[in-house]
Amino acid sequence: ASDELGLHFSMHRFLESKTRTHPSPHCCRHISSTTAGLPSFEHVVCLRCCGRRDPRPRTVWLGHPEKRDQRYPRNVINNQKYNFFTFLPGVLFNQFKYFFNLYFLLLACSQFVVEMRLGALYTYWVPLGFVLAVTVIREATEEIRCYMRDKEVNSQIYSKLTARGRLGGSSVPANQRVPADMIFLRTSEKNGSCFLRTDQLDGETDWKLRLPVTCTQRLPTASVKTLLKCGCLTVCQNISEDSDPPVNESLSIENTLWASTVIASGTVVGVVLYTGRELRSVMNTSNPRSKIGLFDLEVNCLTKILFGALVVVSLVMVALQHFAGRWYLQIIRFLLLFSNIIPISLRVNLDMGKIVYSWVIRRDSKIPGTVVRSSTIPEQLGRISYLLTDKTGTLTQNEMVFKRLHLGTVAYGLDSMDEVQSHIFSIYTMLTQCSELGFSHHIDPPAVKGLNLATKVRKTMSSRVHEAVKAIALCHNVTPVYESNGVTDQAEAERHYEDSCRVYQASSPDEVALVQWTESVGLTLVGRDQSSVQLRTPGGHILNFTILQIFPFTYESKRMGIIVRDESTGEITFYMKGADVVMAGIVQYNDWLEEECGNMAREGLRVLVVAKKSLTEEQYQDFEARYVQAKLSVHDRSLKVATVIESLEMEMELLCLTGVEDQLQTDVRPTLETLRNAGIKVWMLTGDKLETATCTAKNAHLVTRTQDIHIFRLVTNRGEAHLELNAFRRKHDCALVISGDSLEMCLKYYECEFMELACQCPAVVCCRCAPTQKAQIVRLLQERTGKLTCAVGDGGNDVSMIQEADCGVGVEGKEGKQASLAADFSITQFKHLGRLLMVHGRNSYKRSAALSQFVIHRSLCISTMQAVFSSVFYFASVPLYQGFLIIGYSTIYTMFPVFSLVLDKDVKSEVAMLYPELYKDLLKGRPLSYKTFLIWVLISIYQGSIIMYGALLLFESEFVHIVAISFTSLILTELLMVALTIQTWHWLMIVAELLSLSCYIASLVFLHEFIDVYFIATLSFLWKVTVITLVSCLPLYVLKYLRRRFSPPSYSKLTS
């Protein structure tokens, strides 16, 4: 059996319903192997639930794809809304599911019935076809772009170690993303572990420690690769007597490599478990959906009102005929005759306007790199009420900088770090001199007497600084890794501790910042493995420490500790660092800790309290015995272990406070201030811990200095949630900070009450949020408030939130492009969001509002004229204008001037950024409301009536003169109304006006079928048209002047 190799996996799904960023710790996992020559394995883990399918076991046959009992999805990402077969049906369905387009489809189809036909078929089908063609081309362009972006990601090449099949072995080198969810079998690193970055999963760019399966790590690399390439199955029923006994080994989260994570160093070999849509990162996201803007829904609502008016007018016309003859057929003919009440050009104008807005956004030099991935919702940017943002990589750079060292009586900032360096140098210089003079470690010379760890006398400043720096350099989980730099190879760099080749890896960027700072002041971390730490002094001497115990940081304990033995002296020291709230009760009494922690926190620094405790050999042996016994307990193991550790955490010596700053993105503070002044409430949703999130909120001025912060304490049941909500209800103008667990409990029992209170807060910070929770919060805000939401993020864990929001914005940063690819808009820096909303969002919304209402006005004018004409001529269902006149009216004669409104703006972009209060006016939807709609309806009825009655009164003998006078007056009125509506002239607007007028005049030569060419050349025609046009437009110009004079809008006060 030693020559027949294979792997047999039996897996159950990871249940994702209640997990946040990793599987349930209670899942059953084990690995058993038989090591006869090379092993065969049986893995039992929990397979994730896809949602639609029930959990069931899975068997993975390595090298035997023909034996698999189920199909596995392709290992690709797909952000497209359609595929090749569903594109056309999907686009058409999305177009015709709305009343607006469905109405015009029915209208065009009705012209195939002879009794209902009012004119040529092309007068109805050409406009509808043009509208659909524009929509299909736009959607196809976006789908092709999305396909190309996905193809770029899916084309990355990896080393596959199995011949066939999607599930099998794979090799991943350093600095490359893991292609699929895998079990970690082996690493080339000497320390037998590797770090990986989970930026695309939880939004954090810090490194996570992962350990390979022990039995496969012991095998040579060649053996593992041979094992994975093998095409046989080991039958382990009859194992020979000389074979090794089976090895049972438990698997944990530390043995997994998730897709999209980055390998820090070395080459890893793993077994692929999940691919494609079953990837953990994919299952944390929702399917992309077609977003329909609120503005489009409002326009759709207005068209329904217009349709109601159309039906009423048609019924009135038939009623005035006393329902004579085939009155039902007359109703249909009137419906077709007045169909211009609902303008078919409205949809195509708005769609083309969206394309222009998208082009303007991409071309804006002040927000370079901005990409519009969804051109259907630019107006949404102008009406955002809630902004939900990620923290790490979005508000912050995730680059930690050491800012402050506080020793109680003295503090060192960035400008005084050279003093710390001189203290460290002087200490180790004295130690070197004492060593040369022959002083033992137990007899202190007078100059360095303060260095004795057991002394109770007041220590010198140098020794206090030294002890603080030494504690910071030892108390962490940072591992230095050496890489080849082209000059020095990895092995040589590791042997000589080459500074230029060293890279620090840790599970927290805070710890890396602390270790980098100790290096800058002279005490360098040069080596570390599972059992020892090496530090280098300013003089180049190596200090060796043995790691006896490590107590890692947890969310519950809020602290981490380490027990080390100094190899040169044999002294055992317990170092600890943690949050001030827990360390205050652990360290010896002092009168400065609380005050200084508060001062540093107000500066936006992450504060850690560092302490130590010296242990004798007897004390440590006693502790170790109790600690080992507690870890072997079957019942209440965690409680017993914590109790033993707490026995050490008493009366510890306070060494120092450290202040680290997570550097904010450029101009985050002024951008948040601008958004706040614009009436936008900002919620920060992050997977980071509570203290860090609160600190960043203060630092970014998300919470102002005058605002109180209510930290919602952890609740685990309905009663605690009720009491905490009552306590929160009594607070006013208070920012809320809540954890994901407490949020879940509140939403479970008191969803309505919690959302009501949270929406009243000026700012909300949700920490420890799962990706699904972020999307849930967005959805609840939309449902409870009815306001528009915008989600901003940069990591794969933000994709669900971005896709759920009314408007999703992705930031391209260190965490890859997953959020950017899934977003509606992509920006390169958070500060660009201010201009995107204040300038482009505002302009897009106001321009579309003006454009839509003017297109409706244009159609209502001609419909009013038709109604007057039919009324005068005994309610006959005869069209006033036919053929090319009716098509030309809404296209070449008025299309360019009306569409030029997409270039209009009320204020300059600099003014819009300087006065964000202008944005607040849009949140009420005033540019497009029932009030403004009614005003435009009245204007249309007035102008249509004046033009038609004027033409009827002033025409002479022939009907064709009525057409000439009324149609010419109508064209001139529309051109003058565009000029009346424009607030800031653009040269293209002037060109559009002159071009349209020229086209009309030139076309008169060819319109002899509808217009008397000789009549329009007479003076009588000119004065009649002039009078009618002045009567229809002049009163509106006077009203506009009086309004701007006595009740000017807010923007006009800034431009005057």
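Just so it is clear, the model here is predicted, and its values are computed rather than measured.

**Structural notes on the sheet that holds strand β25 (residues 606-615)**
At step 1: The sheet built from 9 strands is open, its strands ordered β17-β16-β26-β25-β24-β23-β22-β21-β20 with antiparallel pairing. Edge positions in the open sheet fall to β17 (411-412) and β20 (524-528), since each of these has one partner strand only.
At step 2: As paired elements, strand β24 (residues 572-578) and β25 share 7 bridges and run antiparallel to each other. Bridge pairing in β25 links Gly-578 to Val-609.
At step 3: On top of the sheet, helix α18 (residues 637-648) reaches β22 (542-551), β23 (559-566), β24 and β25; it is set at about 80° to β25, its chief contact.

**Notes on the packing of helix α10 (residues 345-363) against helix α27 (residues 832-872)**
At step 1: At a closest axis distance of 10 Å, the pairing of α10 and α27 adopts a crossing angle of 160°. If you check the angle between α10 and α27, you find them roughly antiparallel. As α10 packs across α27, the resulting crossing turns out to be right-handed. Contacts between α10 and α27 involve Ser-345, Leu-346, Asn-349, Leu-350, Tyr-357, Val-360 and Ile-361 on the former and, on the latter, Leu-836, His-840, Ser-844, Arg-847, Ser-848, Leu-851, Ser-852, Val-855, Ile-856 and Arg-858.
At step 2: Looking at side-chain class alone, the contact of α10 with α27 contains 9 nonpolar, 6 polar and 2 charged residues.

**Comments concerning the pairing of β22**
At step 1: Bridge count for strand β21 (residues 532-536) against β22 is 5 bridges, and the pairing is antiparallel. By the bridge assignment for β22, Ser-532 is matched with Thr-546.
At step 2: The hairpin turn running from β21 into β22, its antiparallel successor, is 5 residues long, and Gly-540 in that turn takes a positive phi close to 95°.
At step 3: Bridge analysis of β22 against β23 gives 6 bridges, and the strand direction is antiparallel. The partner of Ile-547 across the bridge, within β23, is Val-564.

**Quick look at the UniProt feature "binding site: Mg(2+)" (unreviewed entry) in the protein**
At step 1: Residues annotated by UniProt as "binding site: Mg(2+)" (unreviewed entry) correspond here to Asp-390, Thr-392, Asp-794 and Asp-798. Spanning 409 residues, the named residues nonetheless gather at one spot, since no C-alpha pair among them exceeds 10.9 Å.
At step 2: Mapped onto the elements of the fold, Thr-392 is located in the loop between β15 (384-389) and β16 (396-406).
At step 3: When its relative accessible area of 1% is taken as the criterion, Thr-392 is described as buried.
At step 4: For Thr-392, the side chain forms a polar contact with the side chain of Lys-391, separated by 3.0 Å.
At step 5: If you trace the backbone, Asp-794 turns up in the loop between β31 (788-793) and α25 (799-804).
At step 6: A relative accessible area of 0% places Asp-794 in the buried class.
At step 7: Within the structure, Asp-794 has its side chain in polar contact with the side chain of Thr-394 (distance 3.1 Å).

Scoring rules and cut-offs
- Residues numbered from 1 in each chain as written.
- Predicted model: local features only at pLDDT ≥ 70, side-chain atom pairs only at ≥ 80, totals over all residues.
- Heavy atoms only, no water.
- Pairing = 2+ DSSP bridges.
- Helix = DSSP H or I, 4+ residues; strand = E, 2+ residues; numbered from the N terminus.
- Contact = heavy atoms within 4.5 Å.
- Axes fitted to C-alpha atoms, helices over the stretch in contact; angles between N-to-C directions.
- Parallel < 35°, antiparallel > 145°, perpendicular 65-115°, else oblique.
- Left-handed = near helix turned anticlockwise from the far one by under 90°.
- Nonpolar A, V, L, I, M, F, W, Y, C, P; charged D, E, K, R; others polar.
- UniProt positions renumbered as here; feature names shortened; annotations may be inferred.
- Buried < 20%, exposed > 50% of the residue type's maximum accessible area, 1.4 Å probe, protein only.
- Polar contact = N/O pair within 3.5 Å; in protein donor to acceptor, adjacent residues only side chain to side chain.

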